[in-house]
Amino acid sequence: MLTFAFTRLNLFYISCMKVNLTLCRLFIVLFSVTLLIQNVTAQQKNSNPKKQALFIYSFFEYVEWKNFDELQHFNVGIIGDNENLVYDELIEISKTKTAKELPVTIKRLNNLNHLDDIQLLYFDKSASLKFEKIYAAIGDKHILLVSKDYPYGKSMINFVMDGNIVQYEINEAKCEAAGLAVSKVLTFVAIKSEKEWNNIINKFENLANTDQETVEISTKDLNKLVREQKRLLNEIGTNTKKLELQKDKLKKQQSELSTKEAEISKTKKEITAAKKEVSKQKQLVADQLQRISVQQEKIAAQQNNLSSLNSNVSVKQAELLKQQKELEKEAMNLIAIQNEYATIEKALKEKEKLVNEQGKTIDAQGNEIIVKADKIESQKSIIWLSILFLIIVSFLGALAYRSYLLKNKANILIVKQKEEIEGQHKVLEEQHREITDSINYAKRIQDAILPPLKLVRGYMPDSFILYQPKDIIAGDFYWMEGINNLIVFAAADCTGHGVPGAMVSVVCHNAMNRAVREFMLVEPDEILNKTREIVLETFEKSDEDVRDGMDIALCTINTESNKLSFSGANNGLYFIRDGELTQIKPDKQPIGKFDDAKPFTKHVMDLQKGDVIYTFSDGYADQFGGPKGKKFMYRPFRELLLSIHQKPMVEQHDLLMNAFEDWKGGMEQVDDVCIIGVRI
């Protein structure tokens, strides 16, 4: 019966299009409402579940799905309905009927976890579902919610049973939010407010219980319909005259069209000539591309020269360290000589003191000999002994003089060696200054390739970047690109730190830029796969087995669909929502040479306002410090993020920095630190 009625309705609609589409649509709505009422009235003797099933099938005809062109069939999901009353009726109907020429499949669902291929979801009170969870599970899917006996205005379509009568109310706002357009046929019949609830139910009861072929209509309603019909007929007459005028205009436009066709033919010839000119321009572009290729080769050669220069700097640093160790060894030898000289000098002073005392004794004895010379001539032997003693004293004096000469010679040698050490120290200072200047220049280059904070705040206003290199230049770096409605950002940790780490970071940064700008990749897993390929190609040019690379956490935020895509190489991601932290684990493989390399995994999450995302390198968690000099570790790091995630992002940066400095204390920083925080 419904199929035949809709056929008559379509024929009527086609004939009305020639007069006025707006007026005809009004007639169609009235006519469709009449048919729908007749169909419902004819089914009043059926059970409520069967009537609900018929209504659900009619919803497919009178509701437009935004993604209808992509559908191969309609899927109906049912939750609740413990006795399978509506489920069984829908199964029977699906065996003989289609919806908009598409087959209908009825599925029994246990929960809200499998809604990806569902177009209509039916549930009743026995399902014990809350609308907050239902709408959260639906997200941006185009699903029509049909419920039974729920509060007014909560669902999209809600059945209400009154004895043997089936009624429903429609929430058009929620339908539109889900990408569903509801026909006026359904809204005309639906309950529009609680005030008219009882009036509409009474009308349907009269239609259902009467055995007459006609239903009495009040004179007031009939007069209203007659006036509306006259007004519509007048509008149809006016629109008919307008159509005649439009026909005359159409004839004039046809003559003008012939003239324009001639002009188009002339334009085509001009386009042919322009195409030849474009071919010439293409050849010029090809020549320019060839010149650009030559320039790129020159740039590559310059990069190789820079690599060679950096390796020479490393060798020179090693030589300087070796020279410094030799100088320290010589300084220790000089200190030993000075100590030995001090010992000798002390011994000489003691001997000199002894000689002075003995000299006084000799003087006293000489005086005594002079006094007693006349009396003691026989004591010549004593005189000879005195002479011998004088000889000994002379010998000791000679020894003292020799010690004095040795002391002067040692002092001269010490002064000379001191001058040589000072000269070498000046050379070392000059070389150290040159190396420091080179590293500072390299830092300016590395800062130039990092995205400026102004650009970061432009894409992500509510965010922070904590970047703390261990040395002047770092192996860690942060990276960002904006592509249409996509924001791609990453926190990377290259092998090593200082100059070697910075060299690896330049290679990896260039590889990521090529993956996005040259190969036009935006998905994080595809970017990491291509970056690994480029890095391996770069290092394979070396004769040595280079296994350097990087660990990275890479995110893509789609601001239009509000989704987050993530891929990681040894570095994961922390995601906080409603005070609960979720850890998204990375693939256990680096960007670089790896024996069991596999394609990287992509994780996708829906985002909500207030969600906080953190990407980071391992420098913060690996820092030694605290009372026992141990690592900070990841668990305290997560607890710290949970404790501060609700604070402003700028304040979070300061709190993380202060906690890091307090933990480190007087100990040396062990690695570069990079943390990126973003609030949605």
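Per-chain numbering applies: the sequence of each chain, read as written, is numbered from 1 onward. For this predicted model, a pLDDT threshold of at least 70 governs which residues receive local features, and a threshold of 80 or more governs which side-chain atom pairs are given and counted, while totals over whole chains, interfaces and linings are taken from all residues. Each side-chain value is derived from all of the structure's non-hydrogen atoms; neither hydrogens nor water enter the calculation.

A. Examining the packing of helix 3 (residues 48-62) against helix 4 (residues 85-96) more closely. Interaxial angle, 0 to 180 degrees, is taken between N-to-C directions of lines fitted to C-alpha atoms, where a helix line uses only the stretch in contact. The helix count covers DSSP runs of H or I at least four residues long, the strand count covers runs of E at least two residues long, and both are numbered beginning at the N terminus. Running from amino to carboxyl end, helix 3 crosses helix 4 at an angle of 55 degrees, the nearest separation of the two axes being 8 Å. Viewed along their axes, helix 3 and helix 4 adopt a mutual orientation that is oblique. Crossing of helix 3 over helix 4 shows right-handed handedness. Here Pro49, Lys50, Gln52, Ala53, Leu54, Ile56 and Tyr57 of helix 3 lie close against helix 4, whose contacting residues are Leu85, Val86, Glu89, Leu90, Ile93 and Ser94. For this classification, the nonpolar set comprises Ala, Val, Leu, Ile, Met, Phe, Trp, Tyr, Cys and Pro, the charged set comprises Asp, Glu, Lys and Arg, and every other residue, Gly included, is treated as polar. A breakdown of the residues in the contact of helix 3 with helix 4 according to their chemical character gives 9 nonpolar, 2 polar and 2 charged. For this classification, under 35 degrees means roughly parallel, over 145 means roughly antiparallel, 65 to 115 means roughly perpendicular, and everything else is oblique. Left-handed describes a crossing in which the near helix is turned anticlockwise from the far one by less than a right angle; the clockwise case is right-handed. Between two residues, a contact is recorded if the distance between any of their heavy atoms is within 4.5 Å.

B. Broad picture of the sheet that holds strand 21 (residues 673-679). Taken together, the 5 strands give an open sheet; going across it, the order is 9-21-18-14-15, and neighbouring strands pair in antiparallel fashion. Both outer strands of the open sheet, strand 9 (463-468) and strand 15 (580-584), are each paired with one neighbouring strand and no more. On average, each strand axis in the sheet is tilted by 15 degrees relative to the strand beside it, whichever way the strands run. Paired strands, in this sense, are two strands between which DSSP finds at least two bridges. Inspection of the sheet shows strand 14 (residues 573-577) paired to strand 15 by 5 bridges, in the antiparallel sense. Bridging from a neighbouring strand, phenylalanine 575 pairs with threonine 582 of strand 15. Against the sheet, helix 14 (residues 634-644) makes contact with strand 14, strand 15, strand 18 (612-616) and strand 21, and its axis sits at roughly 35 degrees relative to strand 14, the strand it touches most. In the packing of helix 15 (residues 649-664) onto the sheet, contacts are made with strand 9, strand 18 and strand 21, and the angle to strand 9 comes to roughly 25 degrees.

C. Spatial organisation of the pairing of strand 5 (residues 144-148). The element strand 5 is largely enclosed, with a buried count of 4 among its 5 residues. Strand direction decides the pairing type here: strand 4 (residues 120-123) and strand 5, joined by 4 bridges, are parallel. The partner of leucine 120 across the bridge, within strand 5, is leucine 144. Handedness of a crossover is defined as follows: with both strands directed away from the viewer, a clockwise route from the first strand across the helix to the second makes it right-handed. Remark: the strand 4/helix 5 (residues 131-138)/strand 5 crossover connection has right-handed handedness. When a residue's accessible area, from a 1.4 Å probe over protein chains only, is under 20% of the maximum for its type it is buried; when over 50% it is exposed; and in between it is partly exposed.

D. Geometry of helix 15. For a helix, the expected span equals 1.5 Å multiplied by the number of residues minus one. Taking 1.5 Å of rise per residue, the 16 residues of helix 15 would be expected to cover 22 Å, and the 23 Å separating its terminal C-alpha atoms lies within 8% of that figure. Buried within helix 15 are the following residues: Met649, Gln652, Leu656, Met657, Phe660 and Lys664. All buried residues of helix 15 project into a common sector of 130 degrees when viewed along the axis, lining one side. Along helix 15, the residues that are exposed and aim more than 90 degrees away from the buried face are Val650 and Asp662. Structurally, helix 15 contributes buried residues whose contacts are with strand 9, strand 18, strand 19 (624-625), helix 14 and strand 21. Summarising the geometry, the arc corresponds to the directions from the helix axis toward the C-beta atoms.

E. Focus on the side chain of histidine 645. Inspection of the secondary structure puts histidine 645 in the loop between helix 14 and helix 15. Residue histidine 645 is classed as buried on the basis of its relative accessible area, which comes to 8%. The contacts of histidine 645, once residues within four sequence positions are left out, are Ile576, Gly579, Val612, Tyr614, Gln652 and Arg679.

F. View of helix 12 (residues 498-518). Spanning 21 residues, helix 12 covers 29 Å between terminal C-alpha atoms, matching the ideal 30 Å at 1.5 Å per step. Within helix 12, burial applies to Gly498, Gly501, Ala502, Val504, Ser505, Cys508, His509, Ala511, Met512, Asn513, Ala515 and Val516. Count one or two residues on from helix 12 and you reach methionine 520, which has phi positive near 55 degrees.

G. Just the pairing of strand 13 (residues 563-569), in detail. Of all the 7 residues making up strand 13, 6 are buried; the element is thus mostly covered by neighbouring parts of the structure. Here 6 bridges tie strand 12 (residues 549-558) to strand 13, and the two strands are oriented antiparallel to one another. When the sheet's bridge partners are listed, isoleucine 557 is paired in strand 13 with leucine 564. Counting the residues that bridge the hairpin from strand 12 to strand 13 gives 4 residues, and of these asparagine 562 lies at a positive phi of roughly 60 degrees. Judged from the 4 bridges that link them, strand 13 and strand 17 (residues 603-606) form a sheet pairing that is antiparallel.

H. Fine view of the pattern of salt bridges. Just to be clear on terms, a salt bridge is a Lys or Arg side-chain nitrogen sitting within 4 Å of an Asp or Glu carboxyl oxygen. In the structure shown here, the tally under the stated rule is 17 salt bridges. Here lysine 470 and aspartate 471 are joined by a salt bridge, their closest N and O atoms 3.6 Å apart. Across the pair aspartate 606 and lysine 563 runs a salt bridge, and its minimum N-O distance is 2.4 Å. Taken together, the residues aspartate 606 in strand 17 and lysine 563 in strand 13 connect sequence positions 43 residues apart. Look at the salt bridges and you will find they share partners, linking Lys470, Asp471 and Glu668 into a network.

I. A look at the packing of aromatic side chains. In this analysis, rings of Phe, Tyr and Trp, with Trp reduced to its six-membered ring, are considered paired at centre separations within 6.5 Å, and the interplanar angle assigns stacked below 30 degrees, edge-to-face beyond 60, and tilted for intermediate values. Under the defined criterion, the tally for this structure stands at 24 aromatic pairs. An aromatic cluster is defined as three or more aromatic residues linked by ring pairs; in this entry it consists of Tyr574, Phe616, Tyr620, Phe632, Tyr634, Phe637, Phe660 and Trp663. It is arginine 108 that lies over the ring of tyrosine 87; its NZ or CZ is 5.3 Å from the centre. For a ring to carry a charge above it, either NZ of a lysine or CZ of an arginine must fall within 6 Å of the ring centroid while also lying within 35 degrees of the normal to the ring plane.

J. Representation of the nonpolar core in the model. Within the largest apolar cluster, 53 residues are counted, with the highest numbers of intra-cluster contacts made by Phe123 and Leu144. Element by element, the count of residues in this core is highest for helix 3, at 7 residues. Judged by nonpolar contacts, the second largest core, of 49 residues, contains Leu450, Met512, Ala515 and Ile552. The definition of a nonpolar core used throughout is a set of buried Ala, Val, Leu, Ile, Met, Phe, Trp, Tyr and Cys residues joined through side-chain atoms within 4.5 Å.

K. View of the confidence of the model for the protein chain. For every residue, the predictor reports its confidence as pLDDT, a number between 0 and 100. On average, residues of the protein chain carry a pLDDT of 79, and 75% of them reach 70 or more. Here helix 1 (residues 2-17) is the element of the protein chain with the lowest mean pLDDT, 38, and strand 18 is the one with the highest, 97. Here residues 1-46 is a poorly scored stretch, pLDDT under 50, and it has 50 contacts once near neighbours within four places are set aside; other chains count. Residue range residues 207-222 is modelled with pLDDT below 50. Its contacts to residues more than four positions away, or to other chains, number 6 contacts.

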